[in-house]
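# Understanding the architecture of this molecule
Here is how the chains run, residue by residue.
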Amino acid sequence: MNKTNKIIAGISSTALVIGLAGCGDSDLPPEPDDYDCDEWEWDYDDGVWECDDEYSGYYGHYYYGGSYYSSKSSLYNNKAYAKYKKSSSFKGGKASKGFGSGSKSFGG
């Protein structure tokens, strides 16, 4: 295999991995349907969606229970969130399997 073919094979493999990493995780709750933010990223540590829309006034805010939280401390101070974090329905922690086990990012 010549150098050009190796480069092309490497690029193709990288594109495949990136494509698979963007696949949804069926264990996650649905992405918020909120007109104030068009792009979302799942925060595995806190088990909530984070606004990833650079053009939104809520960019970087956490979303839980229909409300935005500008910081982790304000999210943690929410009693309903604290109860959720201790419950069996908590969707936090790291993703457990295969490709795309990092943060998910979805655009709208």
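One can find the structure itself at the top, above this paragraph.
Residues numbered from 1 in each chain as written. Predicted model: local features only at pLDDT ≥ 70, side-chain atom pairs only at ≥ 80, totals over all residues. Heavy atoms only, no water.

### Considerations on the pattern of salt bridges
- Scanning the entire structure with this criterion turns up three salt bridges.
- Aspartate 46 is the partner of lysine 72 in a salt bridge, and the nearest nitrogen-oxygen pair spans 3.0 Å. In this pair, lysine 72 sits in helix 2 (residues 72-76) while aspartate 46 sits in the loop between strand 1 (39-43) and strand 2 (48-51), placing the two residues 26 residues apart along the sequence.
- On the accessibility criterion, lysine 72 (31% relative accessible area) is partly exposed.
- According to the relative accessible area criterion, aspartate 46 is buried, its value standing at 1%. (Salt bridge = Lys/Arg side-chain N within 4 Å of Asp/Glu carboxyl O. Helix = DSSP H or I, 4+ residues; strand = E, 2+ residues; numbered from the N terminus. Buried < 20%, exposed > 50% of the residue type's maximum accessible area, 1.4 Å probe, protein only.)

### Concerning the nonpolar core
- By size, the foremost hydrophobic cluster in this structure holds 16 residues, and its most contacted members are Trp40, Tyr64 and Leu75.
- Secondary-structure elements contributing two or more residues to this core are strand 1, strand 2, strand 3 (62-64), strand 4 (67-69) and helix 3 (79-86). (Core = buried A, V, L, I, M, F, W, Y, C linked by side-chain atoms within 4.5 Å.)

### Re the pairing of strand 1
- Direction of pairing for strand 1 relative to strand 2: antiparallel, over a ladder of four bridges. Bridge pairing in strand 2 links tryptophan 40 to cysteine 51. (Pairing = 2+ DSSP bridges.)

### Let's talk about the packing of aromatic side chains
- Across all of its chains, the model carries 11 aromatic pairs by this definition.
- Judged by centre distance (5.5 Å) and plane angle (80°), the ring pair of tyrosine 64 and tyrosine 81 falls under edge-to-face. Residue tyrosine 64 is found in strand 3, and its partner tyrosine 81 is found in helix 3; the two are separated by 17 residues along the sequence. (Phe/Tyr/Trp six-rings, centres within 6.5 Å; stacked < 30°, edge-to-face > 60°.)

### Regarding the pairing of strand 2
- Between strand 1 and the antiparallel strand that follows it, strand 2, lie four residues; glycine 47 among them carries a positive phi value of about 65°.
- Bridge count for strand 2 against strand 3 is two bridges, and the pairing is antiparallel. Note on strand 3: the bridge partner recorded for glutamate 50 is tyrosine 62.

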